[in-house]
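# Results of the structural survey
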Amino acid sequence: LYNRAIQVAYPPGSIFKLVVLLASLEEDENIEFENFYCPGYEIVNDRITNCSRIHGHLNLKEAFAQSCNTVFIQLGKRIGAEKIIDMARRLGFGLQIDIGLAEETEGNLPEENELLGGAIRNIAIGQGSIEVTPLQVSNLLTIIGNKGIRRQISLVKGITNNEGFMIKNYFKNKDERLISRKSSQLVINYMEEVINTGTARSIDLTSIGGGGGKTGTAEAVYNEKNTVHGWFAGFYPAKEPKYSVVILIENTSKGSITTLPIFKKIALVLAQYLH
């Protein structure tokens, strides 16, 4: 009976690479021009983390589109766990989004000793003690889609009296720029590439204006069925996004693959509202 969009927090898996990417771009705006190398694994403190395959040489856009664990752990080691978690908190993780429902959970971000040593191995790919709600992920998409500006989201605009005059407005915060317009636009472009050539290329939205997103597969904690949680966080359409969509499937056997057809169905319905 839990409202899983706001009351239950989950490990985000590769969805969290959006945070790592933004932290990297804000730290070094020239990082988009760098090239990386993925041998199929990355070693941190003598522990090996495998990638989905050997990607070889690739740039940052390609690494994001292919969700390369190796490159994102390399990025994490470069900028450090503390800056990544600071960026996550700036973007609304570890906090209530406050859409008007008191039961909203804050999720969890690692802190203090949890940021030291080999912890970056998990932080960079959204595992370990990181836990987020689907609402927090949707809020992140809203910030990116609004070119780095946070606009408060709410279930209702306010309360009116019998005559229709507003007597209580629920929008308490003014718009605030959290990340640069340049970084936001780059991430939008990278998310488009995920659908065009990357891990979500199985869906084709060309005929309805395209879209963008990020896949994620996260370990299901305390699970004895050897299953995972599948994520897809996306926006529609590709140019000037109007809608953010977050899909989470608990305890699935195929990870983010199971979420992609659902996103396409939703995008097809949303397309009707734009024409």
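Everything discussed here concerns the structure shown above.
First, a word on scope: everything that follows refers to the structure included in this document. (Residues numbered from 1 in each chain as written. Predicted model: local features only at pLDDT ≥ 70, side-chain atom pairs only at ≥ 80, totals over all residues. Heavy atoms only, no water.)

## Some details on helix 3 (residues 69-79)
The line we're drawing: With a 1.4 Å probe rolled over the protein chains alone, any residue whose accessible area is under 20% of its type maximum counts as buried; one over 50% counts as exposed, and the rest are partly exposed. Numbering of helices and strands runs from the N terminus, with a helix taken as a DSSP run of H or I at least four residues long and a strand as a DSSP run of E at least two residues long.
The buried fraction of helix 3 amounts to 8 of the 11 residues, a majority that puts the element mostly inside the structure. Every buried residue of helix 3 is accounted for by N69, T70, V71, F72, I73, L75, G76 and I79. G80, located one to two residues past helix 3, shows a positive phi value of around 90 degrees.

## Comments concerning the layout of surface pockets
The criterion, for reference: Using a 1 Å grid laid over the protein atoms alone, points where a 1.4 Å probe fits but cannot get out form a cavity; open sets with protein on both sides within 12 Å along at least 5 of 7 lines form a pocket; any residue with an atom within 4 Å of a point counts as lining. Grid points are joined across faces, edges and corners, and a volume is the space filled by probe spheres set on the points. In this classification, the charged set is Asp, Glu, Lys and Arg, the nonpolar set is Ala, Val, Leu, Ile, Met, Phe, Trp, Tyr, Cys and Pro, and all remaining amino acids, among them Gly, are polar.
Each pocket or cavity is described by its volume, and for the largest pocket that value is around 540 Å³. Lining the largest pocket are 24 residues, and of these S14, K17, S52, S67 and N69 sit closest to its centre. Contributing elements (two or more residues each) for the lining of the largest pocket: strand 3 (47-50), helix 5 (120-123) and strand 9 (212-219). It is strand 9 that contributes the most residues to the lining of the largest pocket, 5 residues altogether. In the lining of the largest pocket, the residues fall into 2 nonpolar, 16 polar and 6 charged.

## Overview of a nonpolar patch on the surface
Put simply, the rule reads: Within this analysis, patches are made of residues with over 30% relative accessible area and no salt bridge. Like charges are joined at 9 Å or less; nonpolar side chains (Val, Leu, Ile, Met, Phe, Trp, Tyr) at 5 Å or less. For the accessible areas, the method is Shrake-Rupley and the probe is 1.4 Å, while residue cover comes only from the protein chains on display. Here a salt bridge means any side-chain nitrogen of Lys or Arg lying within 4 Å of a carboxyl oxygen belonging to Asp or Glu.
A surface patch of nonpolar side chains, amounting to about 290 Å² of accessible area, comprises Y41, I43 and I48. Along the polypeptide, Y41 turns up in strand 2 (residues 41-44).

So yeah, pure geometry; function would need other evidence.
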